[in-house]
Structure formats: structure tokens, C-alpha cells
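# Observations on the model geometry
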Amino acid sequence: MAQFPQLNTRAYDDARQDIRNGDVLMASGSYMFSKLIQKATNSCWSHVAFVMRLDEIDRVMVLESIEGKGVRTVPLSEYVKNFEGTGQGYQGRLAIARHQNFAAQATPAKLRAMAQFAVDRFARPYDEEEIARITARIVGAFIGFKKGEIKRNEEYICSEYVFECYKQLGLNIAYDKRGFVAPADFANDANMRLLWELDVARLP
């Protein structure tokens, strides 16, 4: 499995002002499900989400799809300080990435369309069956099956959700040759730049 990249680490309160709309939150988790994704994709990355700033109410929000809950939004501060109400940050490591063409593509109209698309999918289920399909595609690749196209439905794994939201701006992430989009594809995309690691709060 690939190692977590060497990045400067920043405290959330310091980095918060520099985080932009559309920045991607890359997670390298130590949860059991995270490890399965990492192993299947030979990558340190297990989760991907994206950020929208709500400056009118002084909030930086993460939009994501997670297993067991589906599509949702939570404050980014919860990820680094009080993940799922545990009193500590996410169990793993977090990085912020930025697509170099996002700002150019994100006209007010397109950004509005992306935000509407993202919000309209809140509470849609996490695509549990897609995980099984991904496993089948990985096995199929080893025995010579050709690449397949992503099958679109109204359920999402994390990377599908961000992939589809980005498409609203005309931004396409080059996805896995076996026919699925994974968190690693965002980190590997030539237009995506990892900026820094976020310092995550730990219990004493």
C-alpha cells in the first residue's frame, strides 16, 4: 500500500482561512472499512469529500457520502476536533487538496448549480452494492475483463458523490481503469494538488 505523502501539517484554526470552495478533503483512515478500501485500491486514501464555505454563518462544511449514513454535510471542524461526537478527531490522517482548474470553472452560475446538485442529494443512501461491484471489477481485471463505465444510480459511495458534483462544473477526474472511481483517483489526478495535512486532535 502506498504511504501517506510528505506534507506540511497545519492546525485547522490556522488553515481555515485558506480553505476554498471545492477543495477536496482526502482521508487516510484507520477504521476497518477504510483499510478494506486502501487494500482494494493499493492506496493510503480511504475517503474523499469536498468543502463548501458558508461565510454568511461562518462555517466551513464538508459534503460527503459515508457508509451507514449516506450523503450528508458536517462542519470540517468536527472532522479535526470531535469526529462523530467522540471528543477527538478523525481516526487517521487528513489532507486538503485543490483542483487547479476549479477556480476557472467555478463561475457563480456553475458553482450554484454544483451546490444545488450536492444539496439535492442529501440523505441519499450510501451505495453498499457498489462496494461489491468494485470488488468484482478488481477480480475481473486480474482475469482479463475490460474496463467498464461507471453505472449511475441514486446511491453514492464517497468518491462517486464528489465525482458527480465536480462534473457539474465540467471537471472530470480520471478514474480507475477497472471502471470505478476511488478516493485514490482524486489524489492521482494530474490536476489535483495536495496542499497540506490537517492536524487532528487526539485524546491524551
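Presented here is a report on the structure given in the accompanying data block. (Residues numbered from 1 in each chain as written. Predicted model: local features only at pLDDT ≥ 70, side-chain atom pairs only at ≥ 80, totals over all residues. Heavy atoms only, no water.)

## Topic: the sheet that holds strand β3 (residues 47-54)
Worth spelling out the cut-off: Two strands are counted as paired when DSSP detects at least two bridges linking them. By the criteria applied, helices consist of DSSP H or I runs no shorter than four residues and strands consist of E runs no shorter than two, each listed in order from the N terminus. A contact between two residues is defined here by any heavy atoms of the two lying within 4.5 Å. Only the stretch in contact is used when fitting a helix axis, every axis being a line fitted to C-alpha atoms; angles between N-to-C directions are given from 0 to 180 degrees.
One open sheet accounts for seven strands, arranged β1-β7-β6-β2-β3-β4-β5; its pairing is mixed. With partners counted over all chains shown, the strands left at the sheet margins are β1 (9-10) and β5 (70-75), one partner each. Where strand β2 (residues 24-29) lies against strand β6 (residues 92-99), six bridges are found, and the strand directions are antiparallel. Of the residues in β6, the one forming a bridge with Ser 28 is Arg 93. Contacts from helix α5 (residues 108-120) reach β3, β4 (59-66) and β5, with the element oriented near 120° to β3. In this fold helix α7 (residues 158-167) packs onto β2, β3, β4, β5, β6 and β7 (192-198), with an angle of close to 45° to the strand it touches most, β3.

## Structural notes on α7
Because each turn of an α-helix spans 3.6 residues, side chains separated by three or four positions in sequence point in the same direction. Stated precisely, the cut-off is as follows: Each residue's exposure class comes from its accessible area (1.4 Å probe, protein chains only) as a fraction of the maximum for that residue type: buried when under 20%, exposed when over 50%, partly exposed otherwise.
Most of α7 sits out of view: nine of its ten residues are buried. All buried positions along α7 are accounted for by Cys 158, Ser 159, Glu 160, Tyr 161, Val 162, Phe 163, Glu 164, Cys 165 and Tyr 166.

## Considerations on unusual backbone geometry
Positive phi, close to 55°, is recorded for Glu 84, a residue that is not glycine. With respect to the element layout, Glu 84 can be found in the loop between α3 (76-81) and β6. In this structure Glu 84 comes out as partly exposed when scored by relative accessible area, which is 39%. One non-glycine residue, Ala 123, adopts positive backbone phi at about 75°.

## Some thoughts on the environment of Leu 76
For Leu 76, the location among the structural elements is in helix α3. Leu 76 sits 51 residues away from Leu 25 along the chain, and the two C-alpha atoms are 9.0 Å apart. With sequence-adjacent residues up to four places away left out, Leu 76 is seen in contact with Tyr 12, Ile 19, Leu 25, Val 60, Met 61, Val 62 and Leu 198.

Function cannot be read off these values alone, since they describe shape.
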